[in-house]
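Listed below are the residues making up each chain.
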Amino acid sequence: MDTLKVRDVKDVEEVVRAAVASEQPLEVIGHGSKRAIGHPMPTNALLDVSALNAVTSYEPNELIITVQAGAPLADVQSLIDAKNQQFAFEPMDISVLLGTAGAGTIGGMIGAGLAGPRRIKAGGIRDHLLGAHAVSGFGDSFKTGGRVVKNVTGYDLCKLLTGSWGTLAVMTEVTLKVMPKPEAERTLVLRGLDDITANKAMTAALGSPFDVSGAAHLPGSALRSAGGALAGLASGQPVTLVRLEGISASAAHRAASLSQTLSSFGVVDSLADDASAAIWSALRDVVPFAANGALGAWPVWRIVCPPASGGALGQALSRATGGDVVYDWGGGLIWAAVPPGADAQAMLVRGQVEAIGGHATLIRATEDVRRAVDVFQPQAAGLAALGERVRASFDPRSVLNRGRMMRGGAA
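**Q** Any chance you could explain the overall build of the chain here in plain terms?
**A** Looking only at helices and strands, the chain has 14 helices and 18 strands in total. Relative to a compact globule of 411 residues, whose C-alpha radius of gyration would be 22 Å, the chain shows 21 Å and is just as compact. For the C-alpha atoms alone, the extent of the chain along its principal axes is close to 65 × 50 × 40 Å. The 411 residues of the chain split such that 54% are buried. Counted over contacts in the chain with a minimum sequence separation of 6, partners at least 24 positions apart contribute 73%. As displayed, the chain has an accessible area near 16,300 Å², and 53% of this comes from carbon and sulfur atoms.

**Q** Mind showing me how you'd approach the sheet that holds strand β8 (residues 141-145) here?
**A** Hydrogen bonds along the backbone pair up the strands of a sheet, which may run parallel or antiparallel. Strand order in the open sheet formed by five strands is β4-β5-β9-β7-β8, and the pairing between neighbours is antiparallel. For this open sheet the edge positions go to β4 (55-59) and β8, each flanked by a neighbour on one side alone. Between one strand axis and the next, the sheet turns through 15° on average, direction left out of account. As defined by bridge partners, strand β7 (residues 129-136) adjoins β8 across five bridges and the pair is classed as antiparallel. By the bridge assignment for β8, V135 is matched with S141. The sheet contacts of helix α2 (residues 73-81) involve β4 and β5 (64-68), and relative to β5 the element is tilted by about 155°.

**Q** Can you walk me through the packing of aromatic side chains in this structure?
**A** Aromatic ring pairs are reported here in terms of the distance separating the ring centres and the angle at which the planes meet. One pass over the structure, following the stated rule, counts three aromatic pairs. Taking the centre distance of 5.4 Å and the plane angle of 20° together, the rings of F87 and F89 count as stacked. You'll find F87 and F89 in the same group, each marked buried. Cation over ring: R119 sits above W329, and NZ or CZ is 5.2 Å from the ring centre.

**Q** Quick question: what am I supposed to make of the packing of helix α7 (residues 195-206) against helix α11 (residues 310-321) here?
**A** When two helices pack together, you describe them by how their axes are tilted relative to each other and by the distance separating the axes. Put simply, α7 and α11 touch, their axes get as near as 8 Å, and they point 155° apart. Comparing their axes, α11 and α7 come out roughly antiparallel. Like other packed secondary-structure pairs, α7 and α11 cross with a definite hand, here right-handed. Two secondary-structure elements touch here, α7 through D195, I196 and N199 and α11 through G310, G311, A312, G314 and Q315. Of the residues belonging to the contact of α7 with α11, the class tally is two nonpolar, five polar and one charged.

**Q** Please clarify how the side chain of D285 should be interpreted in this entry.
**A** The residue D285 is located in the loop between α10 (273-284) and β15 (300-304) in this model. If we ignore the near neighbours within four places in the chain, the residues touching D285 are M92, D93, V96 and L97.

**Q** Explain α11 to me, please; I cannot follow it from the model alone.
**A** The α-helix winds at 3.6 residues per turn, so residues separated by three or four positions along the chain end up facing the same way. Between its terminal C-alpha atoms α11 stretches 16 Å, which fits the 16 Å expected from 12 residues at 1.5 Å a residue. For α11, the set of buried residues is G310, G311, L313, G314, L317 and T321. For α11, the arc enclosing every buried residue in end-on projection is 165°, short of the 170-degree limit, so these residues lie on one face. Against α7, β15, β16 (324-328), β17 (333-337) and α12 (346-355) lie the buried residues of α11. Directly beyond the C-terminal end of α11, a positive phi value near 75° is found at G322.

**Q** Hey, could you run me through unusual backbone geometry in this one?
**A** Backbone phi values are negative for most residues with the exception of glycine, while trans is the configuration of most peptide bonds. For L63, which is not glycine, the phi torsion reads 60° and is therefore positive. Relative to the helices and strands, L63 resides in the loop between β4 and β5. Within the chain, Q345 stands out as a residue other than glycine whose phi angle is a positive 55°. Along the chain, the position of Q345 falls in the loop between β17 and α12.

**Q** Teacher, can you tell me more about the pairing of strand β12 (residues 212-218) here?
**A** Successive residues of a regular strand alternate their side chains across the two faces of the sheet. In terms of residue burial, β12 counts as a mostly covered element, since seven of its seven residues are buried. Across six bridges, β12 lies against strand β13 (residues 239-246) in antiparallel orientation. Paired with H217 across the bridge in β13 is T240.

**Q** Where do I start with the pattern of salt bridges in this structure?
**A** Oppositely charged side chains can pair when the atoms bearing their charge come close. Here the structure, examined in full by the defined rule, presents 16 salt bridges. Across the salt bridge formed by D11 and R7, the nearest N and O atoms sit 2.9 Å from each other. Looking at D11, the relative accessible area reads 11%, which means it is buried. Classification of R7 as exposed rests on a relative accessible area of 65%.

Rules and cut-offs
- The residue numbering used here restarts from 1 in each chain and proceeds along that chain's sequence as written.
- Only residues with pLDDT of 70 or above have their local features reported here, since the model is predicted, and side-chain atom pairs are shown and tallied only from 80 upward, although totals for entire chains, interfaces and linings are computed over all residues.
- The basis for every side-chain value is the complete set of heavy atoms in the structure, and neither hydrogens nor water enter the calculation.
- Secondary structure elements follow DSSP: runs of H or I no shorter than four residues count as helices, runs of E no shorter than two count as strands, and numbering proceeds from the N terminus.
- For the radius of gyration, the atoms used are the C-alpha atoms, and the globule rule reads 2.2 Å times the number of residues raised to 0.38.
- Buried, partly exposed and exposed residues are distinguished by accessible area as a fraction of the type maximum, computed with a 1.4 Å probe on protein chains only: under 20%, between the cut-offs, and over 50%, respectively.
- Throughout, a contact is declared for two residues whenever any of their heavy atoms are within 4.5 Å.
- Surface accessibility in these figures is a Shrake-Rupley result with a 1.4 Å probe; residues are shielded only by whichever protein chains are displayed.
- Any two strands between which DSSP finds at least two bridges are classified as paired.
- Orientation is described by axes fitted as lines to C-alpha atoms, over the contacting stretch for helices, and by angles from 0 to 180 degrees between their N-to-C directions.
- Each aromatic pair joins two rings of Phe, Tyr and Trp (for Trp, the six-membered one) with centres within 6.5 Å, and gets the label stacked for planes under 30 degrees apart, edge-to-face for over 60, and tilted for any other angle.
- Geometrically, a lysine NZ or arginine CZ counts as sitting over a ring once it is within 6 Å of the ring centre and also within 35 degrees of the ring normal.
- Orientation is classified from the angle alone, with under 35 degrees giving roughly parallel, over 145 giving roughly antiparallel, 65 to 115 giving roughly perpendicular, and any other angle giving oblique.
- Crossing handedness is read from the near helix: turned anticlockwise from the far helix by less than a right angle, it gives a left-handed crossing, and turned clockwise, a right-handed one.
- Three classes are used, and their members are as follows: Ala, Val, Leu, Ile, Met, Phe, Trp, Tyr, Cys and Pro are nonpolar, Asp, Glu, Lys and Arg are charged, and the others, Gly among them, are polar.
- For a helix, the expected span equals 1.5 Å multiplied by the number of residues minus one.
- Directions are taken from the helix axis to each C-beta atom, and the arc is the one they span.
- Any carboxyl oxygen of Asp or Glu that lies within 4 Å of a side-chain nitrogen of Lys or Arg is treated as forming a salt bridge with it.

In structure tokens form, the structure reads like this:
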């Protein structure tokens with residue numbers, strides 16, 4: 001496979017234009033940490049943007065950072081952490097699930113759009129993307145958005161790049177909001193709740209006035225295969241977790257008040273600061289289904305559904321597939337690991353998910369399975385046609401990540 005390693009934006013433009021002229025599709029990569037997500041692409045040419053890795057501007061006082069798209073996510077996080085700041089949407093490290101090396105690049109983070117537990121409070125990645133520079137499938141550079149929140153020129157356009165998996169344009173530089181890290185955090189822990197009751201407890205917490213920033217539930221079966229910070233959490237019992245963050249006095253006061261609210265569901269314990277942070281880091285990266293763990297060979301689905309329906313859906317999927325589930329976002333996000341099979345039980349999973357208005361993405365599976373089933377949720381005809389018109393307006397010849405998001409299609 002030919003690897004075209006670009007040095008600057010002009011190189012990107014030239015490579016894309018050459019691909020259009022020769023009708024040669026390109027696979028766009030940074031560090032390649034997410035290459036195993038999506039359908040296998042019909043190309044033998046890689047456009048490698050990892051050399052575009054500079055931090056263009058960082059203004060801690062303005063809570064803004066501008067970086068090139070190939071910048072390593074881990075390095076950028078270390079930079080802003082030194083100023084006691086963070087990406088509030090908690091980008092997940094997908095390498096834990098996929099068994100790849102490193103957390104990938106800033107461009108890959110935006111292209112995948114996979115936010116962590118704090119999404120229920122802070123929003124997703126697209127809510128923190130202020131602007132971007134990119135090269136379209138025509139080989140032309142364009143700019144969208146700006147460097148301040150008040151600058152709304154092209155603001156919505158840059159949102160399209162989030163979750164597009166590189167099918168619209170090659171990002172070269174992005175501007176993101178950063179936020180101060182909380183001074184303290186508390187995690188309330190309830191043990192022994194079944195999925196339905198845990199869903200009710202999380203709903204009660206999220207509906208309270210106590211500014212919850214995380215709500216998750218791990219059934220006992222999922223905890224049996226968990227390591228690290230989760231290993232000794234509940235000795236095989238189901239565990240329900242609710243996080244609160246802020247200044248120390250506020251976090252402690254809200255945790256005490258919410259404990260009283262949740263006491264009708266059972267005994268409420270508490271974890272503080274570093275112990276709490278380690279738990280949520282493991283949840284963010286779905287450590288119970290890690291590639292190096294007991295379920296490392298099982299396909300993994302990422303399911304987004306109405307939060308109030310999450311407990312019933314997860315319980316039904318576990319019974320029907322013989323798999324395990326982990327709940328996040330108060331039940332609105334379900335990670336489901338299912339026993340290996342020719343289709344990763346796609347018809348069963350999607351049938352139950354669609355029945356409640358959710359959607360499912362196959363995050364981990366073998367290449368043969370990803371060729372056989374739709375990795376991304378199939379869309380209704382009208383919505384799919386609209387999406388294709390949007391894609392074609394950026395990349396009419398479908399040279400960028402052709403076929404990654406639609407089996408047998410352009411996108």
